[in-house]
Amino acid sequence: MSGYERKNTTGNSITITKRKRYSISEPSENVFEKSNRQESIALKPHRSFAPGSSQRNCKPASSLRRRRRAKEKISTSIEREWVFSTNNFENLKEKLVLVSYNLLGVDNASNHMDLYYNVPPKHLEWSRRKHLICKEISRYNASILCLQASSGEVDRFDDLDVLLKNRGFQGVHKRRTGEASDGCAIFWKEKLFKLLDHQHIEFDKFGMRNNVAQLCVLEMNCEDPKSKLRVRSSDPQRLVVGNIHVLFNPKRGDIKLGQVRLFLEKAYKLSQEWGNIPVAIAGDLNSTPQSAIYDFIASADLDTQLHDRRQISGQGEVEPEERSFRNHYAFSASVSISGSLPNEWSQEELQLATGGQATTRVQHQLKLHSAYSGVPGTYRTRDQRGEPLATTYHSRFLGTVDYIWHTKELVPVRVLETLPTDVLRRTGGLPSEKWGSDHLAIACELGFVNDIQ
C-alpha cells in the first residue's frame, strides 16, 4: 500500500502504513497524506527525559549541523527548467528573454532578521549574493532585466552596473524618493537593443508614497546571420518595457491600486506615442494571483466598492497567534467604534485609487496577458490560474507577488519554471547557497507576433 492511511475501526484502533520516501526528483507526497503522517507521528510515545532536561537539549550539535548541511544540499540540487508553449512558434524570427528579479536588500535583511532566522548569515551577505545573482542571470541568457529591491541593492547601482556591463548589459536606474535606499533598474543587452526613450514615475508626486517605476522604449538591433553584424532595418521591432515595485503595506490597498493604475496609464500613453508598439511589464506587485489587483490588471476593470482596501492585494502574513489576535481585535474594535463597514472607502482613498475621477471604478486601456498563465505548467509549481505557486519565501510568507505581463503583439514562447513549494520549504528559507535573494527570478521568452510569416 502506497502512502499513509489511517483507519478508525473501533474508535481508538489506528492502522499506520509506512510511506516510501521519495527523492527530490520524484513527486512530493499528497498534502492530506502529509497531514496524516504528522498526526500519526504525534501518536507515538515520547522518550522519557531526566528532570530538568529537554528534548531539544538532548540533540547533539553534530546532528543539527548535519541537518543544516542537508538543507543546503537540497537547495543546490534542484535546477530550474524552461517550459515551452504548446503552440508552435519556431517560425518567429525575433525573440527576447525578459527576466524580472527582486533582489533582497541589505537593509531589509539586517533590519528584519526575524524573516531570515533559518538562513545562515553568509547567505545574506551582499558581497556573496551579487555574484550569485549575476551568474544566475547569465544562465538564463537574458536580453532584458527588470530589477527591483526592497531596500539596498538596486541603490548599489554601481556594483551591479560594473558586473552586468562585463556581461554586455547597459542600464538605467531610478532610486526611490525619500530616505529609503531601494529602487528599480532596467538593463538590456547592448548588442541586441538600443534605448530610444526612458521615463520614470515618482509616486510621491501623486500622493502615493515614495515608490518608483520605470518605462523604457527599446528598439531591437537587426543582425545579419552570415556576418553577425548589426544592420539597420527599415522597420525595426520596438517595445515598451515597464518595471515597478509596488508598495508593500497591505492596509493601503488604495495606494497600491493607484500605483498600478498610474503605471499602466503611463505605459499605454508611451506605447501610443511611439506608434502603438507592444508593451511588456514586470515587477513585484506585492499582490497575489487571487487578489483584486491581479484581476484589475487582467480584466482592465475593477469596482472598488466590492472590495475591502485592506484585503485588495490578497497578502497575508504568517504571524504568531497572539500578534494575529491583537491585530484582529484592534481591527474589530475600530470597525465597531467608527460604525464603518470594511468595504467603505473615504473620498481621499478613492481619489488615490481612481486618479481623482468621480467614480468608484478603476480602469486601464492595456489588454494584458500573463506570460506564465500562457504556458502550461504542473501542479507542483502552478496554481489554477497558471501563475507560480511561489516566487518568494521567508519565515512569514510563501507565495507569488512577481509577474510578467504583455500585450497581444507579443507571445510567450517559454517560461522559466519556479521551484516546487515542498522543495522551497525544505531549504528553510531564501536566500540559500544557490539562490541569491528571498525572491526567485521569473523569466520568459517573448516573440513578436507580427514577425510570423
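Given the structure is predicted, the values throughout are model-derived calculations rather than measurements.

A. Representation of the overall build of the protein within the structure. Each helix and strand counted, the protein has 10 helices and 19 strands in total. Within the protein, counting contacts between residues at least 6 apart in sequence, those at least 24 apart form 76% of the total. About 23200 Å² of surface is accessible on the protein, with carbon and sulfur atoms providing 48% of the total.

B. Quick look at the packing of helix α4 (residues 126–139) against helix α5 (residues 157–165). For the pair α4 and α5, the least separation of the axes is 11 Å and the interaxial angle reads 35 degrees. For the crossing formed where α4 meets α5, the hand is right-handed. For the pair formed by α4 and α5, the contact residues are Trp126, Lys130, His131 and Cys134 on the first element and Asp159, Leu160, Leu163 and Leu164 on the second. Class assignment for the residues of the contact of α4 with α5 results in 5 nonpolar, 1 polar and 2 charged.

C. Quick peek at the pattern of salt bridges. The full count for this structure, using the stated rule, is 20 salt bridges. For arginine 80, the salt bridge identified is with glutamate 136, shortest N-O distance 4.0 Å. With arginine 80 in the loop between α2 (61–77) and β1 (82–84) and glutamate 136 in helix α4, this pair connects stretches of sequence that are 56 residues apart. Residue class for arginine 80 comes out buried when judged on its relative accessible area of 10%. For glutamate 136, a relative accessible area of 1% translates into the label buried. Across the pair aspartate 301 and arginine 361 runs a salt bridge, and its minimum N-O distance is 2.5 Å. On the criterion of sequence distance, the pair formed by aspartate 301 in strand β12 (residues 301–303) and arginine 361 in strand β13 (residues 361–363) is long-range, its members being 60 residues apart.

D. Representation of the sheet that holds strand β18 (residues 410–416) in the model. Read from one edge to the other, the open sheet built from 7 strands follows the order β1-β18-β19-β2-β3-β5-β4, with strand pairing classed as mixed. Only two strands of the sheet have a single partner each, and these edge strands are β1 and β4 (169–175). Going from strand to strand, the sheet's axes swing by 20 degrees on average, the running direction of each strand aside. Across 5 bridges, β18 lies against strand β19 (residues 442–448) in antiparallel orientation. Of the residues in β19, the one forming a bridge with valine 415 is cysteine 444. Seen against the sheet, α5 touches β2 (95–103), β3 (144–149), β4 and β5 (183–189) and runs at an angle of roughly 165 degrees to β4.

E. View of the packing of helix α6 (residues 253–273) against helix α9 (residues 347–354). Running from N to C, α6 and α9 point in directions that differ by 25 degrees, and their axes come no closer than 6 Å. One element, α6, and the other, α9, form an angle in the roughly parallel class. Seen from α6, the contacting residues are Asp254, Ile255, Leu257, Gly258 and Arg261; seen from α9, they are Glu349, Leu352, Ala353 and Thr354. Of the residues that constitute the contact of α6 with α9, the class distribution is 4 nonpolar, 2 polar and 3 charged.

F. A look at the nonpolar core. In this structure, Ile144, Leu145, Phe187 and Leu239 are the most contacted members of the largest nonpolar core, which totals 56 residues. Apart from residues no more than four positions distant in its own chain, leucine 145 is found in contact with Val99, Ile137, Leu164, Phe169, Ala185, Ile186 and Phe187. Leu215, Ile293, Ile297 and Leu368 belong to the second largest nonpolar core, which has 38 residues in total.

G. Here's a closer look at the environment of glutamate 79. Secondary-structure assignment places glutamate 79 in the loop between α2 and β1. When the C-alpha atoms of glutamate 79 and glutamate 417 are compared, they prove to be 9.5 Å apart, with 338 residues separating the residues in sequence.

Rules behind the numbers
Residues numbered from 1 in each chain as written. Predicted model: local features only at pLDDT ≥ 70, side-chain atom pairs only at ≥ 80, totals over all residues. Heavy atoms only, no water. Helix = DSSP H or I, 4+ residues; strand = E, 2+ residues; numbered from the N terminus. Contact = heavy atoms within 4.5 Å. Areas by Shrake-Rupley, 256 points an atom, 1.4 Å probe, with all protein chains shown as cover. Axes fitted to C-alpha atoms, helices over the stretch in contact; angles between N-to-C directions. Left-handed = near helix turned anticlockwise from the far one by under 90°. Nonpolar A, V, L, I, M, F, W, Y, C, P; charged D, E, K, R; others polar. Salt bridge = Lys/Arg side-chain N within 4 Å of Asp/Glu carboxyl O. Buried < 20%, exposed > 50% of the residue type's maximum accessible area, 1.4 Å probe, protein only. Pairing = 2+ DSSP bridges. Parallel < 35°, antiparallel > 145°, perpendicular 65-115°, else oblique. Core = buried A, V, L, I, M, F, W, Y, C linked by side-chain atoms within 4.5 Å.

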